[in-house]
Amino acid sequence: MARILIVDDSPSQLLGIQRIVEKLGHEWITAEDGAQGVEVAKRELPDMVLMDVVMPNLNGFQATRQLSRETTTKHIPVILVTTKDQDTDRMWGMRQGAKAYLTKPFSEDELSEVIERILSASSEQPPAA
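Residues numbered from 1 in each chain as written. Predicted model: local features only at pLDDT ≥ 70, side-chain atom pairs only at ≥ 80, totals over all residues. Heavy atoms only, no water.

**Remarks on helix H2 (residues 34-44)**
Piece 1. Regarding H2, the residues found buried are Gly34, Gly37, Val38, Val40 and Ala41.
Piece 2. Summarising the contacts, the buried residues of H2 are in contact with strand S1 (3-7), strand S2 (27-31) and helix H3 (60-69).
Piece 3. Structurally, the start of H2 carries an N-cap: the backbone nitrogen of alanine 35 is 3.0 Å from a side-chain oxygen of aspartate 33.
Piece 4. Looking at the residues trailing H2, positive phi occurs at leucine 45, about 45°. (Buried < 20%, exposed > 50% of the residue type's maximum accessible area, 1.4 Å probe, protein only. Helix = DSSP H or I, 4+ residues; strand = E, 2+ residues; numbered from the N terminus. Contact = heavy atoms within 4.5 Å. Polar contact = N/O pair within 3.5 Å; in protein donor to acceptor, adjacent residues only side chain to side chain.)

In structure tokens, the structure reads:
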């Protein structure tokens, strides 16, 4: 079982993603914007972060960049889950350190597959020193 941090400013999106994560048998914690997401990730060190992009205070691209550059959190895979569906958005998100990019609306199967694939890949790699 993994602990997954869900970062989204939409209560309905948070709830929907929580249900999917729970159905997969994982624990979840939440944050309501990018700044809070970075704080929670540093404190809780989750196994994965599901990050929205369009949020107040610190957007998902900025938060992902901070997490991927911070020594204590750079090993945590970030999946961007967003309505931003342009190729340039996807490319920019991956350049910030995201391991996957999923656009809303998504199906339960799509999110489940990405979560399991990224968790499986990260468990095969030894943690960075």
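Having seen it, we continue.
**Some remarks on the packing of H2 against H3**
Piece 1. Viewed as axis vectors pointing N to C, H2 and H3 meet at an angle of 20°, and their least axial separation amounts to 8 Å. Considering their axes alone, H2 and H3 lie roughly parallel with respect to each other. Both H2 and H3 take part in a crossing whose hand is right-handed. Residue-level contacts link Gly34, Val38 and Ala41 of H2 to Ala63, Gln66 and Leu67 of H3.
Piece 2. Looking at the contact of H2 with H3, its residues break down into four nonpolar, two polar and no charged. (Axes fitted to C-alpha atoms, helices over the stretch in contact; angles between N-to-C directions. Parallel < 35°, antiparallel > 145°, perpendicular 65-115°, else oblique. Left-handed = near helix turned anticlockwise from the far one by under 90°. Nonpolar A, V, L, I, M, F, W, Y, C, P; charged D, E, K, R; others polar.)

**Re the pairing of strand S3 (residues 48-51)**
Along a regular strand, successive side chains alternate from one face of the sheet to the other.
Piece 1. Side-chain alternation along S3 places Met48 and Leu50 on one buried face and Val49 and Met51 on a second face that is also buried.
Piece 2. Both S1 and S3 contribute to a ladder of four bridges, which runs parallel. Counterpart to isoleucine 6 in the pairing with S3 is leucine 50.
Piece 3. Bridge analysis of S3 against strand S4 (residues 78-82) gives three bridges, and the strand direction is parallel. Opposite leucine 50, over in S4, you have isoleucine 79 as the bridge partner.
Piece 4. Between the parallel elements S3 and S4, the chain passes through H3 in a crossover that is right-handed. (Pairing = 2+ DSSP bridges. Right-handed = clockwise from strand over helix to strand, strands pointing away.)

**Here we look at the pattern of salt bridges**
Piece 1. Under the counting rule described, the total for this entry stands at eight salt bridges.
Piece 2. With a shortest N-O distance of 3.8 Å, lysine 84 and aspartate 89 are connected by a salt bridge.
Piece 3. For aspartate 89, a relative accessible area of 13% translates into the label buried. (Salt bridge = Lys/Arg side-chain N within 4 Å of Asp/Glu carboxyl O.)

**Brief notes about the pairing of S1**
Piece 1. With four of five residues buried, S1 lies mostly within the body of the structure.
Piece 2. Two strands pair when backbone bridges link them, and S1 and S2 are joined in this way by five bridges, in the parallel orientation. Within S2, the residue paired with leucine 5 across the bridge is isoleucine 29.
Piece 3. Traced from S1 through helix H1 (residues 11-23) to S2, the parallel crossover comes out right-handed.

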